[in-house]
Amino acid sequence: MTELSAFGPDFPFAYDSWLQHPAGLGQIPPARRGAAVAVIGAGAAGVIAGHELMKLGLRPVLYESGKFGGRLRSETFEGTEDVIAELGGMRFPVSSRGFYHYVDLVGCESAPFPNPLTAAAGSTVIDLEGDSLFARSLDDLPALYREVAEAYAAALEEGAQFSALQGAMRARDAAAVKALWDGLVAEWDERTFYDFITSSRAFRALSFRHREVFGQVGFGTGGWDSDFPNSMLEILRVNLCGLDDAQRYIRGGVENVLHRLWRQEADCAHWGRTTLCALNGGATRSRVTRIARGTDGRIAVTDCWGRTDAYEAVLVTCQSHLLTTAIETDEALFAQGLWMALDRTRYMQAAKTFVMVDRPFWNDTDPATGRPLMSMTLTDRITRGTYFFDNGPDRPAVICLSYSWMTDALKVLPHDAEKRVELALAALRHIYPGVDIAGHIRGNPICVSWETDENFLGAFKGALPGHYRYNHRMYGHFMQAGLPAAERGIFLAGDGISWTPAWVEGAVQTALNAVWGIMRHFGGATDPANPGPGDMYSAYGPVVLG
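Described below are features of the structure shown in this document. These numbers were taken from a predicted model, which means no experiment stands behind them.

## As for the pattern of salt bridges
In step 1: In total, this model carries 28 salt bridges according to the counting rule given.
In step 2: Arg209 serves as the salt-bridge partner of Glu212, at 3.0 Å between the closest nitrogen and oxygen. One end of the pair is Glu212 and the other is Arg209, both in helix H9 (residues 208–216) and 3 residues apart, which spans about a single turn.
In step 3: Here Glu212 falls in the partly exposed class, since its relative accessible area comes to 27%.
In step 4: You can call Arg209 partly exposed: its relative accessible area is 28%.
In step 5: A salt bridge links Asp364 to Arg359, with the shortest nitrogen-to-oxygen separation between them at 2.8 Å.

## What to know about unusual backbone geometry
In step 1: In this chain, Gly8 is followed by Pro9 through a cis amide linkage whose omega measures 10°.
In step 2: Mapped onto the elements, Pro9 comes out in the segment before helix H1 (15–20).
In step 3: A positive phi angle, close to 60°, is found at Arg384, a residue other than glycine.
In step 4: Judged by its relative accessible area of 10%, Arg384 is buried.

## As for the pairing of strand S19 (residues 376–379)
In step 1: Residues Met376 and Leu378 of S19 are buried on one face, and the alternating residues Thr377 and Thr379, pointing to the opposite face, are buried as well.
In step 2: Relative to strand S20 (residues 385–389), S19 runs antiparallel, the two sharing 2 bridges. Looking at S20, one finds that Thr377 is bridged to Thr386.
In step 3: Hairpin connection from S19 to S20: 5 residues lie between these consecutive antiparallel strands, with Arg384 at a positive phi of about 60°.

## Brief notes about the side chain of Asp227
In step 1: Looking at where Asp227 falls in the secondary structure, it is placed in the loop between H9 and helix H10 (232–240).
In step 2: A distance of 2.7 Å separates the side chain of Asp227 from the side chain of Asn230, its partner in a polar contact.
In step 3: Dropping the residues within four chain positions of it, Asp227 is found in contact with Phe193, Ile235 and Met348.

## Some points on the sheet that holds strand S21 (residues 397–405)
In step 1: Spatial strand order, S8-S7-S19-S20-S21-S18-S22: 7 strands in an open sheet with mixed pairing. Among the strands making up the open sheet, the edge pair consists of strand S8 (131–135) and strand S22 (441–449). Here the average twist between neighbouring strands, direction ignored, is 15°.
In step 2: Note: strand S7 (residues 124–128) against S8, 5 bridges, orientation antiparallel. Considered in S8, the bridge of Val125 is made with Phe134.

## Examining the sheet that holds strand S5 (residues 92–93)
In step 1: Taken together, 3 strands build an open sheet; the order of strands is S5-S9-S6 and the sheet is antiparallel. Across the chains shown, the open sheet's two edge strands, defined by having one partner strand only, are S5 and strand S6 (110–112).
In step 2: Here S5 runs beside strand S9 (residues 247–250); their pairing, made up of 2 bridges, is antiparallel. Bridge pairing links Pro93 to Gln247 in S9.

## Some details on the side chain of Arg211
In step 1: Within the secondary structure layout, Arg211 lies in helix H9.
In step 2: Those residues within four positions of Arg211 in sequence are excluded, and the remaining contacts are Tyr194, Ile197, Thr198, Phe203, Leu206 and Phe228.

## Looking at the packing of helix H2 (residues 44–56) against helix H11 (residues 255–262)
In step 1: Packing of H2 against H11 leaves a shortest axis separation of 10 Å and a crossing angle of 25°. Taken together, the axis directions place H2 and H11 in an arrangement best described as roughly parallel. In this structure, H2 crosses over H11, and the sense of that crossing is left-handed. From H2, Ala44, Val47, Ile48 and His51 reach across to H11, where they touch Leu258, Leu261 and Trp262.
In step 2: In terms of residue class, the contact of H2 with H11 is built from 6 nonpolar, 1 polar and no charged.

## A short note on the packing of aromatic side chains
In step 1: As enumerated under the stated definition, the model contains 29 aromatic pairs in all.
In step 2: Measuring from centroid to centroid gives 5.9 Å for Phe193 and Phe214, while their planes differ by 70°, and the two rings are edge-to-face. Placement of the pair is Phe193 in helix H7 (residues 193–199) and Phe214 in helix H9, with a sequence separation of 21 residues.
In step 3: By relative accessible area, which is 1% here, Phe214 ends up buried.

About the cut-offs
Residues numbered from 1 in each chain as written. Predicted model: local features only at pLDDT ≥ 70, side-chain atom pairs only at ≥ 80, totals over all residues. Heavy atoms only, no water. Salt bridge = Lys/Arg side-chain N within 4 Å of Asp/Glu carboxyl O. Helix = DSSP H or I, 4+ residues; strand = E, 2+ residues; numbered from the N terminus. Buried < 20%, exposed > 50% of the residue type's maximum accessible area, 1.4 Å probe, protein only. Pairing = 2+ DSSP bridges. Polar contact = N/O pair within 3.5 Å; in protein donor to acceptor, adjacent residues only side chain to side chain. Contact = heavy atoms within 4.5 Å. Axes fitted to C-alpha atoms, helices over the stretch in contact; angles between N-to-C directions. Parallel < 35°, antiparallel > 145°, perpendicular 65-115°, else oblique. Left-handed = near helix turned anticlockwise from the far one by under 90°. Nonpolar A, V, L, I, M, F, W, Y, C, P; charged D, E, K, R; others polar. Phe/Tyr/Trp six-rings, centres within 6.5 Å; stacked < 30°, edge-to-face > 60°.

Function-wise, these values are silent; they only describe arrangement.
Dropping the structure here:
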């Protein structure tokens, strides 16, 4: 049986197999090769799509409004070369097979992420309502925590036929996945994650305290109460695809994956052996300010310096809200139903606060307890999640003092970096009263609040109940054969277009959907031995809700 991957469940297609097939992704007619395609956004979706379009013989022209890498943003601490803070994506489940295809291609290395109760973390402290518990595994915690974990597993079986559905995904049995999943879509689209928990027999048999602990501490990576208002379908996808399990980080910073792919040589139709960097003259274009259909039928893209170029195809990978707030976009390019979907996309807030310290002092043994001075920490205090990154015993290390979402992220929104550190240290002082964290800090802290960044306006999509139809419109837009001519040629990609927001695999898969769509737009096709996502969409595409 194949290892678990993000094979569906909405559209069960094996993207990793498509990528690795010796026949390649397809071909563009020789007469159409060399044509330029605008790619708006140099994040994961934009760079990956650009790389594959280049191999097909097209010339991707990348535009970037801010920092190369998008939300795969690795910030280097001043005075160092490789001590980094991961401001966006920082943990990548092994089930993200499409993403790891590119990690392996460019030679980046990964290591287990120090999530709570994992060997990589070493030890974990759970601090709720002023009571701290030390644990190395789930077995070290009181029975209540095991009861919570068992109740959630039972709820998934009761409400989602979890084992059978995940088994079908492991077996890559697309028909079986669809038969099980499609019925769940109508049942859970308009119901929240919290409803799923409270309506399950397993949790109804337990106390409110169990549900409270589940929200604060959760399962896998930590508490999930910030997701309680979201559509349960979104949470089911995370669990089914193993996105919250077996996570790893990229050594040296995940942004390196995209920088290396930008410079990765490949054998390309029309171009011979070249790189995306070379085809773009060594740099991306600037911020896009306007997208409009020209009188010649092509799509004109204007940058912030007033340069306008016309393209037969444009791929938009930026956050969808930028199409109505930052980019003057010709309304006729999208149907009004799709505009509704793009505008109604709801983004979640997230904040991180990092500091560099002189060494991994948390590994020192507390003589009074025989335990490490500090551990990976989950708490109901303002910090919520605190993570430790060890670069070696004699090298500077990194602490993510706080990783929080939604209301907890908004609490620090008005504050500068130093104030955020002070607030985090004050919270951690209650948990570790004898530890002088501040005495170990070096350099300046690094913080992020994605909702204040004009190029993002939020960290990632968080679908609300009833949003399935909107997501379906966005995700399926790459299938353009049935669209009127005025709406063809512009494509969408990114994790916000995918069914799995906040996970880079969603950006990879939608980028590959767009590559297939653009290939067909130029009259190309896949090899019959290696059909692409669009070739299989009519058979296994997402279920249509009335």
